[in-house]
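Spelled out from the first residue to the last, the chains are:
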Amino acid sequence: MRLCSPTGIRRSVAVAAALLLQGAAWAQSAWPERPVTMVVPYSAGGPTDVVARMLAIPMAKTLGQPLVVENTVGAGGTIGPARVAKAQPNGYTILIHHMGMATAPALYKKLPYDPLKDFEYIGQVMDVPMTLLSRKDFPANTFPELLAYVKQHKDKVTLANAGIGAVSQLCGMLLAHQIGVDLTTVPYKGAGPALADIMSGQVDLICDQTTQTVPVIKDGQRVKVFGVTTPRRLASLPDVKTLDEQGLKGFDVKVWHGVYAPKGTPPEVLAKINQALRSALQDDMVKQRLADLSSEIVPMDKVTPEGLRSHLVAETEKWGKVIKAAGVSAE
């Protein structure tokens, strides 16, 4: 029986380790070898879903594999992020989410994930303004008339939103807080169903993203529009005044989106996803469609892991104060 010398054993271990490292490097360089799933925490047809599907084709072109959009709905948009946080950190499951990543820690006492600890950051995507709409036969025709009607009828006025923790709920909450009136909120399982009930006259008001509302506003047949939520008017809706210029001074709500991966995803894989995202945001068709929907692509220095991380930290602090002051909770 022949025994290996200590030197031989060390040499064998070193060779095995080198082969493992080489294999890992090869696996990362070959990524992706199968389709990538992008989880959307909200329903199909809603604003975040629109953004995801807009990015999916140009991102897939860069990645060389299909990018499958999957709607994982429920619990105010927290089930989707929880799923991605627990997914294998191999880059095959990623998340696109809006500012709900920043508001959830203040809204939920027992959040099943930590937005600041359980994810790798890929980059910001875009800013989306919002609009204040009503059903077509709502008694008011101007924002001053709307304010007068709301103050007179108060909780008899219904305010739809896409669910607890959704941006439409936050926007509506700020609106009610700023005008000093408690409205009756009607939560839905997504922005699509909420807007559908506005158009059919089932509820009175909604504050919703331009990615969903601009086409409806432009057709002029199904809703009334009372203002936009950003300090400047929108190029796609130049005749619609801002809420700020109509008396709600300082009212500024726009929805930002970001792309995330599970904590521990290899840097090389993150870099490939980031490159695919950056390429998609520079695609001419994507840029034109976003412009048509009054959405703005963020500067490229924000389409980075650090750009998203620093923005998330700042927004978490900002919205935490607002939500605490309003006394709002999702539980």
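Residues numbered from 1 in each chain as written. Predicted model: local features only at pLDDT ≥ 70, side-chain atom pairs only at ≥ 80, totals over all residues. Heavy atoms only, no water.

K.L.:
Hey, could you go over the overall build of the protein chain for me, with residue numbers and the actual values?
P.N.:
Within the protein chain, the secondary structure is distributed over 11 helices and 10 strands. Dimensions of the protein chain along its principal axes, counting C-alpha atoms only, are 95 × 40 × 30 Å. In the protein chain, which comprises 331 residues, the share counted as buried stands at 52%. Considering only intrachain contacts with a sequence separation of at least 6, the fraction spanning at least 24 residues in the protein chain is 79%. Working note: accessible area of the protein chain is about 15300 Å², and carbon and sulfur atoms make up 56% of it. Looking at the protein chain, you have 35 positive and 29 negative side-chain charges, and the mean spots of the two groups are 5 Å apart. (Helix = DSSP H or I, 4+ residues; strand = E, 2+ residues; numbered from the N terminus. Buried < 20%, exposed > 50% of the residue type's maximum accessible area, 1.4 Å probe, protein only. Contact = heavy atoms within 4.5 Å. Areas by Shrake-Rupley, 256 points an atom, 1.4 Å probe, with all protein chains shown as cover. Lys, Arg positive; Asp, Glu negative; His and termini not counted. Charge placed at Lys NZ, Arg CZ, Asp CG, Glu CD.)

K.L.:
Quick one: what's the story with the state of the cysteines, residue by residue and with numbers?
P.N.:
Counted under the stated rule, the structure contains one disulfide. Covalently, C171 is tied to C207 through a disulfide, its sulfur atoms 1.9 Å apart. Measuring handedness by torsion sign, the sulfur bridge of C171 and C207 sits at about 45° and is right-handed. One end of the pair, C171, is in helix α6 (residues 167-179); the other, C207, is in strand β7 (residues 205-209), and 36 residues separate them in sequence. On the accessibility criterion, C207 (3% relative accessible area) is buried. (Disulfide = S-S within 2.5 Å.)

K.L.:
Report on the packing of aromatic side chains, specifying residues and quantitative values.
P.N.:
Following the criterion strictly, the structure yields six aromatic pairs and no others. With a centroid separation of 5.9 Å and 85° between ring planes, the pair formed by Y113 and F119 is classed as edge-to-face. An identical accessibility class is assigned to Y113 and F119; each is buried. When the ring of F138 is compared with that of Y149, the centres are 5.0 Å apart and the planes differ by 70°; the resulting orientation is edge-to-face. (Phe/Tyr/Trp six-rings, centres within 6.5 Å; stacked < 30°, edge-to-face > 60°.)

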